[in-house]
Amino acid sequence: MRILANGTLVTPEGLRHGDVALDGDKIARIAAHIEPTDGDEVEDVRGCWVFPGFIDGHTHMQCWTGMDWTADSFETGTRAAACGGTTTIVDYATADRGVTMPDALDEWHRRADGTCTANYAFHMALAEWNERNREDLAVMRERGVCSFKTYFAYDHLRLDDAETLAVMESLEPLGGTLCVHCENGTLVNELQRRVYDEGIHGPEGHPLSRPAECEAEAISRLLYLAHLAGDARVNVVHLSTKMGLDAIRAAKARGQRNIFVETCPQYLLLDDTCFLEQGEDGLAGLAYVMSPPPRKPVDRAALREALLAGEIDTIATDHCSFNIHGQKDRGAEDFRKVPNGGAGVEHRPALVATTFEGQLGPEDLCRLMSENPARVFGMFPRKGALVEGADADVCVWDPKATWTISAATQHQNVDHTPYEGFECHGRAHLVYVNGELAARDGEPTGAMPGRYVAR
Ligand code: URP
Ligand code: ZN
Ligand code: ZN
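Just so it is clear, the structure is predicted and the values come from calculations on it, not from any experiment.

Between its first and last C-alpha, helix H5 (residues 185-197) extends 18 Å over 13 residues, near the 18 Å set by a 1.5 Å rise per residue. Count one or two residues on from H5 and you reach Gly-199, which has phi positive near 100°.

What follows covers the nonpolar core. Core analysis: the biggest nonpolar cluster contains 123 residues, and Val-20, Val-50, Met-124 and Val-236 have the highest contact counts within it. Counting residues domain by domain, this core receives three or more from each of domain 1 (2-50 + 385-444) and domain 2 (54-376).

When the terminal C-alpha atoms of helix H7 (residues 212-228) are compared, their 24 Å separation across 17 residues agrees well with the 24 Å that a helix rising 1.5 Å per residue should span. Buried residues of H7: Cys-214, Glu-215, Ala-216, Ala-218, Ile-219, Leu-222, Leu-223, Leu-225 and Ala-226, and no others. Once H7 ends, the next one or two residues include Gly-230, with phi positive near 85°.

Attention now moves to the UniProt feature "domain: Amidohydrolase-related" (unreviewed entry) in the protein. Taking the numbering used here, the UniProt-annotated feature "domain: Amidohydrolase-related" (unreviewed entry) corresponds to residues 49-437. For residues 49-437, the helix share is 34%, the strand share is 19%, and the end-to-end C-alpha distance is 17 Å.

As a further point, take the packing of H7 against helix H8 (residues 242-253). Between H7 and H8, the shortest axis-to-axis distance is 8 Å and the interhelical angle comes to 15°. By the angle class used here, H7 and H8 are roughly parallel. Crossing handedness for the pair H7 and H8: right-handed. Between H7 and H8, the contacting residues are Ala-212, Glu-213, Glu-215, Ala-216, Ile-219, Ser-220, Leu-223 and His-227 on the first element and Met-243, Gly-244, Ala-247, Ile-248 and Ala-251 on the second. Looking at the contact of H7 with H8 residue by residue, the classes come out as eight nonpolar, three polar and two charged.

Our focus in this paragraph is the environment of Glu-172. Assignment of secondary structure puts Glu-172 in the loop between helix H4 (161-171) and strand E10 (177-181). Between the C-alpha atom of Glu-172 and that of Arg-233, which follows or precedes it by 61 residues, the distance is 7.8 Å. In this view, Glu-172 contacts Ala-229, Gly-230 and Ala-232; residues no more than four positions away in its chain are not counted.

For the rest of this paragraph, the subject is the pairing of strand E7 (residues 86-95). For E7, the tally of buried residues reaches 10 of 10 residues, placing the bulk of the element in the interior. Read as a crossover between parallel neighbours, the route from strand E6 (residues 54-59) over helix H1 (residues 74-84) to E7 is right-handed. Two elements, E7 and strand E8 (residues 119-126), share eight bridges in a ladder whose sense is parallel. Its bridge partner being in E8, Ala-93 is matched across the sheet by Met-124.

Turning our eyes to something else, we now look at unusual backbone geometry. Cis rather than trans, the peptide bond between Ser-291 and Pro-292 has omega equal to 0°. Examined against the element boundaries, Pro-292 turns out to sit in the loop between helix H9 (265-269) and helix H10 (297-308). The omega torsion across Phe-380 and Pro-381 is 0°, close enough to zero to call that bond cis. With respect to the element layout, Pro-381 can be found in the loop between helix H12 (362-376) and strand E14 (394-404).

Parsing the protein into structural domains produces domain 1 (2-50 + 385-444) and domain 2 (54-376). Domain 1 and domain 2 are separated by 27 Å when their C-alpha centres are compared. Contact with domain 1, which involves 32 residues of that partner, is made by 38 residues of domain 2. At the level of elements, strand E2 (14-23), E14, strand E15 (423-433), strand E16 (436-440) and strand E17 (443-444) are the ones that each hand at least two residues to the side of domain 1 that touches domain 2. Here the side of domain 1 that touches domain 2 is built from residues that sort into 18 nonpolar, 10 polar and four charged.

What follows concerns the sheet that holds E7. Backbone hydrogen bonds are what pair the strands of a sheet, in a parallel or an antiparallel way. Pairing is parallel across the open sheet formed by eight strands, whose spatial order is E6-E7-E8-E9-E10-E11-E12-E13. The open sheet is flanked by E6 and strand E13 (314-315), the only strands paired with a single partner. H12 rests against E6, E10, strand E11 (234-236), strand E12 (259-263) and E13 of the sheet, and its axis sits at about 60° to E6.

Bridge count for strand E1 (residues 2-11) against E2 is eight bridges, and the pairing is antiparallel. Paired with Ile-3 across the bridge in E2 is Ala-21. Hairpin connection between E1 and E2: a loop of two residues separates the two successive antiparallel strands. Pairing of E2 with strand E3 (residues 26-31), which is carried by five bridges, proceeds in the antiparallel orientation. Looking at the pairing, Ala-21 lines up with Arg-29 of E3. Hairpin connection, E2 to E3: the antiparallel pair is bridged by two residues, and Gly-24 has positive phi, about 60°.

About the cut-offs
- Residues numbered from 1 in each chain as written.
- Chains lettered and ligands numbered in written order.
- Predicted model: local features only at pLDDT ≥ 70, side-chain atom pairs only at ≥ 80, totals over all residues.
- Helix = DSSP H or I, 4+ residues; strand = E, 2+ residues; numbered from the N terminus.
- Expected span 1.5 Å × (residues − 1).
- Core = buried A, V, L, I, M, F, W, Y, C linked by C-beta atoms within 7 Å.
- Buried ≥ 20, exposed ≤ 12 C-beta atoms within 10 Å, placed from the backbone.
- Domains from an automatic or database assignment.
- UniProt positions renumbered as here; feature names shortened; annotations may be inferred.
- Axes fitted to C-alpha atoms, helices over the stretch in contact; angles between N-to-C directions.
- Parallel < 35°, antiparallel > 145°, perpendicular 65-115°, else oblique.
- Left-handed = near helix turned anticlockwise from the far one by under 90°.
- Contact = placed C-beta atoms within 7 Å.
- Nonpolar A, V, L, I, M, F, W, Y, C, P; charged D, E, K, R; others polar.
- Right-handed = clockwise from strand over helix to strand, strands pointing away.
- Pairing = 2+ DSSP bridges.

Below, the structure is given as structure tokens:
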């Protein structure tokens, strides 16, 4: 057995001082003291917080997003995730128009299986609604997929309101969750044209063409549809605005109980002045072209307040990485041509722990980045809980470590990070995936213990 001794254990019953024993791929014992026997390995983790491994419920690895292939493969993306303390990602497999969901799932398995350092589960995104997809929802459930996604934006992906309603109604008997990208795509298309025609062509045009109203209207519409469907179980992904938050509050006030809310570090840390950054080559602002875009300081403040008030369930990354040079720079003269997406899977735990130091304690970090993602996406308590019998996915966190985020030293396969120069307080010291040491002090060990998580 491997014994992690003398840690501050972040358990469902609260913080306790003690030891955790990992046996193979399971957590075998948790106790105030575990006496090692012959052959046991002991790691003294005094001064560290011992978390169930962090879970990132929103990533896009190794996929075509309509403009380009993401820079991170499952291999590089899950390795980077593990270096930061994330032991499981839930990635968006996508059934494009004309592709069945089982075929899409097969394809995502081909991309991921055998290459992953962290565990991986799949949501299934649907780009069309038809009888075949309706029948295949049950097939997806059998194959371990219990969360689905639809879009209100992006012409090649989006469903209309009637189709979105039908997806919710069809998921209800299966107990599935619908994750929705909430931006009004018709409005975005029109505003993109207007902003460009006004002569604004650089990345600063991106947030102007996707104002808060586009998000808030789509969230409001989604939640009325969920109400109509009988309080359907929905997850509002990447919430970025105060107006959107107010739409969620309104739905909760009318009694909807099945709404989950996700935000991401970019909406808690950044604001829209980032689009004006130049860097050495004038291209730095392109890094932030992601949808939704980083918002106004007032939005960021509202999200922070909501997070501290318990109104946000999960923090994910929406990791969807593209290089600035050779990918995003193709849109340097036309913001509409920049592949949308940002990098973050490696840095989420450190960004959140540092930003909310003194405001969010270890139990809060656990709830937002491990327990709640496991609950919302059907993995709890096998994951998301430091309990005997759970999977041996563990992050031993050193809250005293200090280090600086930099593209030069990161493991994400991109030429930049939106958080260059950010000074972190706290770091993943030891990261175990299925009982194997996958990363130590931010560096990978080379092990690839990641497995598919059927939910
Ligand atoms: O810009 C982003 N977020 N790209 C990834 C796809 C999505 O909208 O989640
Ligand atoms: Zn999205
Ligand atoms: Zn996304």
